[in-house]
Structure formats: structure tokens, C-alpha cells
Amino acid sequence: MTVEEIDKKILENNSVIEQIDEKLKSLIGNSDFKRMQNGTDNVETQNIKDVMETLRSYKNDLLEDNSRLEKMKLSCCELKKHQSKLTSKFYGY
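Residues numbered from 1 in each chain as written. Predicted model: local features only at pLDDT ≥ 70, side-chain atom pairs only at ≥ 80, totals over all residues. Heavy atoms only, no water.

Asker: Would you explain the overall build of the protein in this entry?
Answerer: In terms of regular secondary structure, the protein is built from two helices and zero strands. Within the protein, buried positions represent 20% of all 93 residues. For the protein, contacts bridging at least 24 residues in sequence account for 76% of all contacts bridging at least 6. For the protein, the accessible area works out to roughly 7100 Å², and carbon and sulfur atoms hold 56% of it. (Helix = DSSP H or I, 4+ residues; strand = E, 2+ residues; numbered from the N terminus. Buried < 20%, exposed > 50% of the residue type's maximum accessible area, 1.4 Å probe, protein only. Contact = heavy atoms within 4.5 Å. Areas by Shrake-Rupley, 256 points an atom, 1.4 Å probe, with all protein chains shown as cover.)

Here it is as C-alpha cells:
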């Protein structure tokens, strides 16, 4: 992957993470409302909690992917620097 492709993928991941955060805020509000309405945890609030856990897990996967992509981007940049140094030494710059 090129640095530009890595940056694009990171931006896509960040966009999805923002959407997940918004959905989680909505679900937390729904869960709290349902809990107050019913007074106890029931199947409906449990389903909301399950969805929230799934979204959190997906968000963590995206964050790990971003971290991996950042490392890949750094290694690409380091490789370019190394190649640049080799070229400058070869040509005597």
C-alpha cells in the first residue's frame, strides 16, 4: 500500500468510528430510557447492551487497524528515507 492509500483507509476507519460513537450515544440513551420505563433489565435492554458490545468491539478492531496502518505508514516513510540516504551516499551527496 502507498502512503496515500494508508491515509485514505485511516480516514475511512475514523469516519466509521465517528458513526459508531454516535450510534453508541443513541443506544445508551435508549437503554437508560427503557430501564427507567420498565424498572428492571429485560430482554429489550439486554439486546441493546449486546448491540453496544458488538459496536464497541468493532470500534476497537478499527482502532487497532488504524494503529497497524500508522505503523505501516511509518515503515514506508522510513524505507523512503533509507533509500534516499543510500542514493545520496552512492552519488556522493
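On we go from here.
Asker: Is there a simple way to explain the nonpolar core in this structure?
Answerer: A general trend in soluble globular proteins is that nonpolar side chains are found buried together. Listed in full, the eight residues of the largest apolar core are I17, I20, L24, L27, I48, M52, L55 and L62. Counting residues per element, the ones that place at least two in this core are α1 (3-38) and α2 (43-91). Setting aside chain neighbours within four positions, we find I17 in contact with K59, L62, L63 and N66. Ranked by size, the runner-up nonpolar core spans five residues in total, among them V3, I6, L69 and C76. (Core = buried A, V, L, I, M, F, W, Y, C linked by side-chain atoms within 4.5 Å.)

Asker: Is there a simple way to explain the pattern of salt bridges in this structure?
Answerer: Any two side chains of opposite charge can pair, given that their charged atoms come close. In the structure shown here, the tally under the stated rule is six salt bridges. Taking the shortest distance from any N to any O, the salt bridge between K73 and D7 comes out at 2.8 Å. Taken as a pair, K73 in helix α2 and D7 in helix α1 lie far apart in primary sequence, 66 residues in all. With a closest N to O distance of 2.7 Å, D21 and K59 form a salt bridge. Note that D21 is positioned in helix α1 and K59 in helix α2, a separation of 38 residues in sequence. One salt-bridge network, in which partners are shared between bridges, spans D7, E70 and K73. (Salt bridge = Lys/Arg side-chain N within 4 Å of Asp/Glu carboxyl O.)

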